[in-house]
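Residue strings, one per chain:
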Amino acid sequence: MGIANKLRLSSSLSRILHRRILYSSAARSFTTSEGHRPTIVHKQGLDILHDPWFNKGTAFTMTERNRLDLRGLLPPNVMDSEQQIQRFMTDLKRLEEQARDGPSDPNALAKWRILNRLHDRNETMYYKVLINNIEEYAPIVYTPTVGLVCQNYSGLFRRPRGMYFSAEDRGEMMSMVYNWPAEQVDMIVVTDGSRILGLGDLGVHGIGIAVGKLDLYVAAAGINPQRVLPVMIDVGTNNEKLLKDPMYLGLQQHRLEDDDYVDVIDEFMEAVYTRWPHVIVQFEDFQSKWAFKLLQRYRCTYRMFNDDVQGTAGVAIAGLLGAVRAQGRPMIDFPKMKIVVAGAGSAGIGVLNAARKTMARMLGNTETAFDSAQSQFWVVDAQGLITERRENIDPEAQPFARKTKEMERQGLKEGATLVEVVRGVKPDVLLGLSAVGGLFSKEVLEAMKGSTSTRPAIFAMSNPTKNAECTPQDAFSILGENMIFASGSPFKNVEFGSGHVGHCNQGNNMYLFPGIGLGTLLSGAPIVSDGMLQAASECLAAYMSEEEVLQGIIYPPISRIRDITKRIAAAVIKEAIEEDLVEGYREMDARELQKLNEEELMEYVENNMWNPEYPTLVYKDD
Ligand SMILES: NC(=O)c1ccc[n+]([C@@H]2O[C@H](COP(=O)([O-])OP(=O)(O)OC[C@H]3O[C@@H](n4cnc5c(N)ncnc54)[C@H](O)[C@@H]3O)[C@@H](O)[C@H]2O)c1
Ligand SMILES: O=C(O)C[C@H](O)C(=O)O
Ligand SMILES: [Mg+2]
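Treat the numbers as computed from the prediction; the structure is a model and nothing was measured.

### Digging into the overall build of the protein chain
Argument step 1. Broken down by element type, the protein chain carries 28 helices and 16 strands.
Argument step 2. Taken over the C-alpha trace, the protein chain has a radius of gyration of 25 Å; the compact-globule value for 622 residues is 25 Å, and the two agree within 12%.
Argument step 3. Considering only contacts in the protein chain between residues 6 or more positions apart, those separated by 24 or more positions represent 72%.

Given below as structure tokens:
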């Protein structure tokens with residue numbers, strides 16, 4: 001199936017067409033037996049799901065889902081009430097055990113439940129609580145607890161949030177998309193659940209990650225919560241445990257592959273862009289084999305980006321530039337940094353490509369600049385150091401395969417272990433995106449002591465907490481107070497007793513994606529260009545003051561996320577203007593936008609950010 005605009009009917013036309021084909025308004029009532037008397041229900045869609053009298057949750061049959069505009073609003077697996085009760089009881093009995101998320105917060109899951117209930121009852125209040133206490137609750141609604149939520153989703157699932165498109169819905173998506181009640185959607189975060197954080201394939205239960213990302217869109221970027229849509233595309237799962245689990249909420253079949261898979265994603269993209277032509281779609285936690293392909297497939301046609309590939313790259317570059325500044329050197333010294341990267345998946349390769357590009361640009365963008373940039377990286381994956389000798393090398397990793405001769409001079413060969421590479425290279429930076437908790441073992445960290453840098457840096461970027469390549473305690477205790485530390489999930493600063501602290505920076509794409517989304521939305525740019533992404537990253541890199549970076553603070557604290565997001569959005573719009581990509585937003589047309597100076601641009605961004613205040617619903621004169 002083609003992906004071009006050919007199916008982009010005007011949203012109202014296609015809406016009418018599809019509704020006429022599938023439904024008649026009279027068919028939207030259904031009967032339930034109350035004793036012997038039938039009860040007629042005049043509600044439909046989410047109104048039924050939110051009505052405790054009529055809601056059956058996952059027990060709605062396919063006929064009911066089709067007739068009551070419920071298709072897509074529930075996970076695909078239809079269950080009977082016995083199965084539902086079994087799921088509920090198991091969850092109730094597991095409460096104690098589930099309420100632990102490692103030593104960091106034994107009550108994390110219990111807090112998530114309380115916040116989730118508030119989210120269901122009162123969105124304004126929920127976001128007020130989240131924004132006012134972002135430091136405390138981001139780790140609950142986002143990384144790391146959101147990972148635990150996805151792992152326990154069959155028990156935690158209560159009221160559905162977002163939409164589900166499954167392999168069974170082929171041919172139906174264009175009509176299903178109208179089951180979502182909002183006339184306007186600005187941001188979609190979509191996942192296929194194939195690589196949720198570092199937790200692997202969680203199938204349909206990965207929807208939690210899309211919900212968590214959108215919570216940050218609202219809290220950090222001020223996207224209106226009525227206009228966000230979390231989406232799960234359920235093409236099956238290859239997680240054998242879930243395939244056998246009677247409580248699993250998704251399709252119990254292996255994942256679609258090849259064209260079958262692409263057809264489903266194409267159909268989804270066509271459907272959502274038909275109904276909401278200006279929506280921005282963020283791809284999240286797709287396994288790397290699809291992450292790159294889908295990005296290439298859609299990035300020039302749709303307003304979309306991949307957070308794990310592009311958002312992570314921007315955040316890592318900002319942090320790496322911070323690590324250069326923290327040594328008292330100018331950013332332009334970045335091309336001199338020797339960087340060992342552990343992990344060559346969607347995130348690792350995204351970072352490598354962007355870092356190489358940044359270095360090459362700083363060196364003048366010539367061919368030699370490019371080669372010279374290339375030689376600053378050593379990439380280690382599950383099979384060790386990647387060299388040109390690697391068999392069946394992943395094409396994405398190919399450009400980073402090191403030359404055998406060069407490696408011999410450093411005493412290294414194909415498949416060398418991480419510790420051998422660190423010993424041989426003596427890098428300035430060791431960056432982990434491997435999803436392997438504890439990979440930066442004592443031995444590896446000891447080897448980093450040989451670093452030629454005055455301030456070696458450790459980026460343990462894998463999520464959630466238990467997948468971090470090392471803890472800050474381990475890193476600081478071995479490498480000393482002077483080192484720079486960043487991790488994907490939050491850790492507490494390390495106290496040295498002498499009054500000194502080792503700063504734990506959170507190097508997470510949460511510092512970029514909200515600003516990229518907001519900036520793209522407010523610029524009206526039809527695509528998310530490389531330049532816009534780069535502008536976002538540079539803005540983050542420049543955000544920290546000289547004094548802060550010298551103290552080892554290379555990322556802002558999360559308490560400043562709304563401020564940094566606003567600035568990033570303005571930088572993205574500015575770049576879109578320079579690239580002549582702006583098409584305007586609402587009453588601000590492209591020409592007006594081009595006239596704004598920096599201060600006015602910031603004001604424009606700020607004025608378009610949603611704040612959690614109750615709207616006045618009834619005006620009275622007396
Ligand atoms: N901090 C952030 O903002 C951020 C952003 C995106 C992804 N991540 C995290 O990065 C991790 C990886 O994500 P991904 O999408 O690249 O996953 P992926 O599965 O595509 O890639 C994992 C890579 O790690 C390699 N690997 C496995 N074992 C290894 C070992 N022992 N030594 C070295 N390399 C090893 C694999 O060969 C593969 O190349 C996840 O934990 C994810 O949560 C963090
Ligand atoms: O979700 C996060 O916390 C960051 C990143 O997108 C990831 O996949 O780990
Ligand atoms: Mg992710």
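### A closer look at helix 17 (residues 346–362)
Argument step 1. Given a rise of 1.5 Å per residue, 17 residues ought to cover 24 Å, and the 24 Å separating the end C-alpha atoms of helix 17 matches this to within 8%.
Argument step 2. Burial analysis of helix 17 places 13 of its 17 residues in the buried class, which makes it a mostly covered element.
Argument step 3. Directly after helix 17, the chain includes Gly364, whose backbone phi takes a positive value near 105°.

### Focus: the sheet that holds strand 9 (residues 377–381)
Argument step 1. The 7 strands lie next to each other as 10-9-8-11-12-13-16, forming an open sheet whose pairing is mixed. The two strands at the open ends of the sheet, each matched to only one other strand, are strand 10 (384–385) and strand 16 (504–506).
Argument step 2. Where strand 8 (residues 339–342) meets strand 9, 4 bridges bridge the pair, whose relative direction is parallel. Residue pairing across strands places Ile339 opposite Phe377, the latter belonging to strand 9.

### Observations regarding the site of ligand 2
Argument step 1. Surrounding ligand 2, one finds Thr143, Leu197, Asp285, Asp307, Asp308, Asn463, Gly488, Asn508 and Asn509.
Argument step 2. Grouping the constituent residues of the shell around ligand 2 by class yields 1 nonpolar, 5 polar and 3 charged.
Argument step 3. Two domains each put at least three residues into the shell around ligand 2: domain 1 (5–27 + 76–302) and domain 2 (311–508).

### Quick word on the UniProt feature "active site" (unreviewed entry) in the protein chain
Argument step 1. Under the UniProt annotation, "active site" (unreviewed entry) lies at Tyr142 and Lys213. For the annotated residues, spread through 72 residues, the largest C-alpha to C-alpha distance comes to 6.9 Å, consistent with a single compact locus.
Argument step 2. Inspection of the secondary structure assignment puts Tyr142 in the loop between helix 8 (134–141) and helix 9 (145–151).
Argument step 3. C-beta crowding within 10 Å serves as the criterion here: with 26 such atoms nearby, Tyr142 is assigned to the buried category.
Argument step 4. When neighbours within four sequence positions are excluded, Tyr142 is seen to be in contact with Gly212, Asp215, Leu216 and Met510.
Argument step 5. Tracing the chain through its elements places Lys213 in helix 12 (residues 207–221).
Argument step 6. If near-sequence neighbours (up to four positions away) are discounted, Lys213 is found in contact with Val189, Gln282, Glu284 and Phe513.

### Some details on the packing of helix 6 (residues 108–121) against helix 7 (residues 123–132)
Packed helices, taken two at a time, are described by the angle their axes make and the gap between the axes.
Argument step 1. Two elements in contact, helix 6 and helix 7, have axes separated by 6 Å at closest approach and are oriented at 140°. By the angle between their axes, helix 6 is oblique relative to helix 7. For the pair helix 6 and helix 7, the contacting residues are Leu115, Leu118 and His119 in the first and Glu123, Met125, Tyr126 and Val129 in the second.
Argument step 2. Classifying every residue of the contact of helix 6 with helix 7 by side-chain character gives 5 nonpolar, 1 polar and 1 charged.

### Regarding the UniProt feature "domain: Malic enzyme NAD-binding" (unreviewed entry) in the protein chain
Argument step 1. Taking the numbering used here, the UniProt-annotated feature "domain: Malic enzyme NAD-binding" (unreviewed entry) corresponds to residues 309–577.
Argument step 2. Secondary structure content for residues 309–577 is 44% helix and 11% strand, and the end C-alpha separation is 24 Å.

### Looking at the packing of helix 24 (residues 530–543) against helix 26 (residues 561–578)
Argument step 1. At a minimum axis separation of 8 Å, helix 24 and helix 26 run at an interaxial angle of 140°. Relative to helix 26, the element helix 24 lies oblique. Handedness of the helix 24/helix 26 crossing: right-handed. Side by side, helix 24 and helix 26 meet where Gly531, Met532, Ala535, Ala536, Cys539, Leu540 and Tyr543 of the first sit next to Ile564, Arg567, Ile568, Ala571, Val572, Lys574, Glu575 and Ala576 of the second.
Argument step 2. Its residues assigned to classes, the contact of helix 24 with helix 26 shows 11 nonpolar, 1 polar and 3 charged.

### Regarding the site of ligand 1
Argument step 1. If you check the shell around ligand 1, you find 31 residues, and the closest are Gly198, Ser288, Gly345, Ser462 and Gly488.
Argument step 2. Elements with a contribution of two residues or more to the shell around ligand 1: helix 16 (307–326), helix 17 and strand 9.
Argument step 3. Residue contributions to the shell around ligand 1 reach at least three from each of two domains, namely domain 1 (5–27 + 76–302) and domain 2 (311–508).

### Side note on the domain arrangement of the protein chain
Argument step 1. For the protein chain, the assigned domains are domain 1 (5–27 + 76–302), domain 2 (311–508) and domain 3 (512–607).
Argument step 2. Residue-level contacts link 15 residues of domain 1 with 14 residues of domain 3.
Argument step 3. For the side of domain 1 that touches domain 3, the secondary structure elements donating two or more residues are helix 8, helix 12 and strand 6 (280–283).
Argument step 4. Per element, the largest residue contribution to the side of domain 1 that touches domain 3 is 5 residues, and it comes from helix 12.
Argument step 5. Across the side of domain 1 that touches domain 3, the residue classes tally to 10 nonpolar, 1 polar and 4 charged.

### Considering the environment of Ser81
Argument step 1. Its place among the elements puts Ser81 in helix 4 (residues 81–93).
Argument step 2. For the pair formed by Ser81 and Pro330, sequence separation is 249 residues and the distance between their alpha carbons is 64 Å.

### A word on the sheet that holds strand 5 (residues 228–234)
Argument step 1. On the basis of which strands lie adjacent, the open sheet formed by 5 strands has the order 3-5-4-6-7 and parallel pairing. Across the chains shown, the open sheet's two edge strands, defined by having one partner strand only, are strand 3 (163–166) and strand 7 (304–306). Here the strands of the sheet are splayed against their neighbours by 20° on average, with no regard to which way each runs.
Argument step 2. Examined bridge by bridge, strand 6 and strand 7 share 3 bridges and lie parallel to one another. In the strand pairing of strand 7, Gln282 is matched with Phe305.
Argument step 3. Sitting on the sheet, helix 12 touches strand 4 (187–191), strand 5 and strand 6, and the angle it makes with strand 5 is about 160°.

### Regarding the pairing of strand 9
Where a strand is regular, its side chains alternate between the two sheet faces.
Argument step 1. Burial runs high along strand 9: 5 of the 5 residues are buried.
Argument step 2. Where burial is concerned, the two faces of strand 9 agree: the one with Phe377, Val379 and Asp381 and the one with Trp378 and Val380 are both buried.
Argument step 3. Pairing geometry for strand 9 and strand 10, over 2 bridges, is antiparallel. In the sheet register, Val380 faces strand 10, and the bridge partner there is Leu385.
Argument step 4. What sits between strand 9 and strand 10 in their antiparallel hairpin is a turn of 2 residues.

### Looking at unusual backbone geometry
Argument step 1. Residue Pro144 is reached from Thr143 by a cis peptide bond, and omega for that bond is 10°.
Argument step 2. Cis rather than trans, the peptide bond between Asn463 and Pro464 has omega equal to -15°.
Argument step 3. In the Ramachandran plot, Asp69 falls in the positive-phi region, its phi being about 60° despite a non-glycine side chain.
Argument step 4. Within the secondary structure layout, Asp69 lies in the loop between helix 3 (62–67) and helix 4.
Argument step 5. Notably, Asp580 is not glycine yet its phi reads approximately 60°, a positive angle.
Argument step 6. Relative to the helices and strands, Asp580 resides in the loop between helix 26 and helix 27 (590–595).
Argument step 7. The class for Asp580 is exposed, based on 9 C-beta atoms found within 10 Å.

Rules used throughout
Residues numbered from 1 in each chain as written. Chains lettered and ligands numbered in written order. Predicted model: local features only at pLDDT ≥ 70, side-chain atom pairs only at ≥ 80, totals over all residues. Helix = DSSP H or I, 4+ residues; strand = E, 2+ residues; numbered from the N terminus. Rg over C-alpha atoms; globule rule 2.2 N^0.38 Å. Contact = placed C-beta atoms within 7 Å. Expected span 1.5 Å × (residues − 1). Buried ≥ 20, exposed ≤ 12 C-beta atoms within 10 Å, placed from the backbone. Pairing = 2+ DSSP bridges. Near = placed C-beta within 6 Å. Nonpolar A, V, L, I, M, F, W, Y, C, P; charged D, E, K, R; others polar. Domains from an automatic or database assignment. UniProt positions renumbered as here; feature names shortened; annotations may be inferred. Axes fitted to C-alpha atoms, helices over the stretch in contact; angles between N-to-C directions. Parallel < 35°, antiparallel > 145°, perpendicular 65-115°, else oblique. Left-handed = near helix turned anticlockwise from the far one by under 90°.

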